[in-house]
Amino acid sequence: GQQVMQIPQYQHVQEGEDFTTYCNSSTTLSNIQWYKQRPGGHPVFLIQLVKSGEVKKQKRLTFQFGEAKKNSSLHITATQTTDVGTYFCADGSGNTGKLIFGQGTTLQVKP
Amino acid sequence: DTGVSQNPRHKITKRGQNVTFRCDPISEHNRLYWYRQTLGQGPEFLTYFQNEAQLEKSRLLSDRFSAERPKGSFSTLEIQRTEQGDSAMYLCASSFSIQSSPLHFGNGTRLTVT
């Protein structure tokens, strides 16, 4: 069935270092969404990518959609303690709006 | 608009008991989703409604689980004869019925089955 795989599962960085999480699918995705879940919180929508090769930026966050639309990445430049949380990619290819989430990458930032 | 609201926040129950959770979506949203999340995992899809119609249920959803959305507004998720494996965070989300509309999640109901 549909699956999106995320790596790494955990990442510990020193504040100020960069961070990247990768999302891979065995099937072509029509779109991919990224969510952030703070510890003890609920997933919050960050962004959606639709076009092949698309790159979108939100301040220190850069999101990319692969040319083949089978992978995506989220890169954070110069991490801050406020970036702590779990980042999920989600396959939104179905026409029901149902999302299939990856396992997430949990980011810890040491001050 | 106060966002998606879920009650209760926490529920502790003994194995074999029935539990019911409630979700109040964002009022303008006509799609409503239930997800389950366990520690270290992403949210796992359970079921979804478009207005009052339940249009999809996960194959993982056993017949002990039932969800309703009687008037196309709030929804309830009932688990009968709870088992310890049902312990998880149950998340509700809502969205517009536009393809790829982002999901807005509630704070969830954490269920512990003892």
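Structure shown above.
Let me sum up the structure you'll find in this document. (Residues numbered from 1 in each chain as written. Chains lettered and ligands numbered in written order. Predicted model: local features only at pLDDT ≥ 70, side-chain atom pairs only at ≥ 80, totals over all residues. Heavy atoms only, no water.)

The next subject is the overall build of chain B. Along the backbone of chain B there are 0 helices and 11 strands. Along the chain direction, N to C, the helices and strands of chain B fall in the order β-β-β-β-β-β-β-β-β-β-β. In terms of C-alpha radius of gyration, chain B reaches 13 Å, essentially the compact-globule figure of 13 Å for 114 residues. The C-alpha extent of chain B, read off along each of the three principal axes, is 40 × 25 × 25 Å. Burial analysis of chain B (114 residues in total) assigns 46% to the buried set. Long-range pairs, those at least 24 residues apart, make up 52% of the contacts in chain B with a sequence separation of at least 6. As displayed, chain B offers around 5800 Å² of accessible surface, 45% of which is attributable to carbon and sulfur atoms. Side chains of chain B carry 14 positive and 11 negative charges; the gap between the two charge centres is 6 Å. (Helix = DSSP H or I, 4+ residues; strand = E, 2+ residues; numbered from the N terminus. Rg over C-alpha atoms; globule rule 2.2 N^0.38 Å. Buried < 20%, exposed > 50% of the residue type's maximum accessible area, 1.4 Å probe, protein only. Contact = heavy atoms within 4.5 Å. Areas by Shrake-Rupley, 256 points an atom, 1.4 Å probe, with all protein chains shown as cover. Lys, Arg positive; Asp, Glu negative; His and termini not counted. Charge placed at Lys NZ, Arg CZ, Asp CG, Glu CD.)

Residue and element names in this part refer to chain A. The 5 strands are arranged β1-β3-β8-β7-β6 in an open sheet whose pairing can be described as antiparallel. Whereas interior strands pair on both sides, the edge strands pair on one side only; in this sheet they are β1 (4-7) and β6 (55-58). Adjacent strand axes in the sheet meet at a mean angle of 15°, parallel and antiparallel pairs treated alike. Where β6 meets strand β7 (residues 61-65), 4 bridges bridge the pair, whose relative direction is antiparallel. Its bridge partner being in β7, lysine 56 is matched across the sheet by phenylalanine 63. (Pairing = 2+ DSSP bridges. Axes fitted to C-alpha atoms, helices over the stretch in contact; angles between N-to-C directions.)

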